[in-house]
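A closer look at the structure
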Amino acid sequence: MTAYETLLVERRGPVGWLIFNRPQAGNAMNAAMLNELEAAWLELEADPAVRVIVNTGEGDVFQTGLDVVQLSRDPDALRKQSGRTRRAELRLTSWQNGVWKPVVAAVNGTCAGGGLHFVADADIVMAASSASFLDTHVSVGQVAAYELIGLARRMPFEAVLRMALVGRHERISAERALQLGMISQVVDPPDRLRQEAQDLAEKIARNSPSAMAATKRALWGALEHGLTDACKAGATELTSMWGHPDQVEGPLAFAEKRDPVWATLDQPETRPDV
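**Quick word on the sheet that holds strand S8 (residues 132-134)**
Strands sit in the order S4-S6-S8-S9 across an open sheet of four strands; the sheet is mixed. Pairing within the sheet leaves two strands with one partner each, and these edge strands are strand S4 (61-63) and strand S9 (172-173). Here S8 pairs with S9 via two bridges, running antiparallel. Paired with serine 132 across the strands is serine 173, a residue of S9.

**So, the pattern of salt bridges**
Note on pairing: side chains with opposite charge can pair once their charged atoms come close. Across all of its chains, the model carries 13 salt bridges by this definition. Two residues, aspartate 67 and arginine 22, come together in a salt bridge whose shortest N-O distance is 3.1 Å. One end of the pair, aspartate 67, is in the loop between S4 and helix H2 (68-73); the other, arginine 22, is in the loop between strand S2 (15-20) and helix H1 (31-46), with 45 residues separating them in the sequence. Considered together, aspartate 67 and arginine 22 belong to a single accessibility category, that of buried residues. Residues arginine 87 and glutamate 89 are paired through a salt bridge, measuring 2.9 Å at the closest nitrogen-oxygen approach.

**Focus: unusual backbone geometry**
Cis geometry marks the peptide bond from aspartate 188 to proline 189; its omega dihedral reads 5°. Among the structural elements, proline 189 can be located in the loop between strand S10 (185-187) and helix H8 (193-205). Positive phi, close to 55°, is recorded for asparagine 27, a residue that is not glycine. Unlike most non-glycine residues, lysine 257 shows phi in positive territory, near 55°.

What counts and what doesn't
Residues numbered from 1 in each chain as written. Predicted model: local features only at pLDDT ≥ 70, side-chain atom pairs only at ≥ 80, totals over all residues. Heavy atoms only, no water. Pairing = 2+ DSSP bridges. Helix = DSSP H or I, 4+ residues; strand = E, 2+ residues; numbered from the N terminus. Salt bridge = Lys/Arg side-chain N within 4 Å of Asp/Glu carboxyl O. Buried < 20%, exposed > 50% of the residue type's maximum accessible area, 1.4 Å probe, protein only.

As structure tokens, then:
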């Protein structure tokens, strides 16, 4: 695995880990991390030994968004990110980088502002019982847009608006996030979070990599279309697996009462337009 300045990228069996590693700064995204995130996601996506990716934070905080201290002292350092933001070409998250392997977000502590990108764009989200969520944009004179637009696909719209408009003056607890559908599991005690994430990822990793990638493309793609177009696009992904070796291996392994031996993940040539 490549060594990064602001991230830890590791492989534990079939599970790749992408860990924000600026705990002294609340794991905030400075210019270096913004550049490294794209490379790290693509490295994990390209690694044939990685079947599932877990995203978490080092220390007591998950992710607190853009490093406003660097922004205040050196605005030019974030010029590249400003351009990408204006053109809606962000490359922070797995979804934004066209990662079609399953991604689990393991929220270990505070998730604030731009950190919500990684919750909105993960496939599965779990959180430590001590975790909390808030959006700080309007409290510092900024617009809440990308992150909360993404969250509106996962949870009730009024809950998203409340988070946006109350700003830093209210936090959502892990239990409340579970009730709202923002996350699917609360882990208690909190120090069990990484092991629970690894265990879940290993369960997921037992499935056909190619079938999971096609399924993920179909389901995420459905959010971009109306019902009829989504079903047509889903049919394309479904039939793309016809004749695939995994469609023979899966039933055969089941009949023979053994674990299947899946083919290497088929890699799409380009990220589909979204």
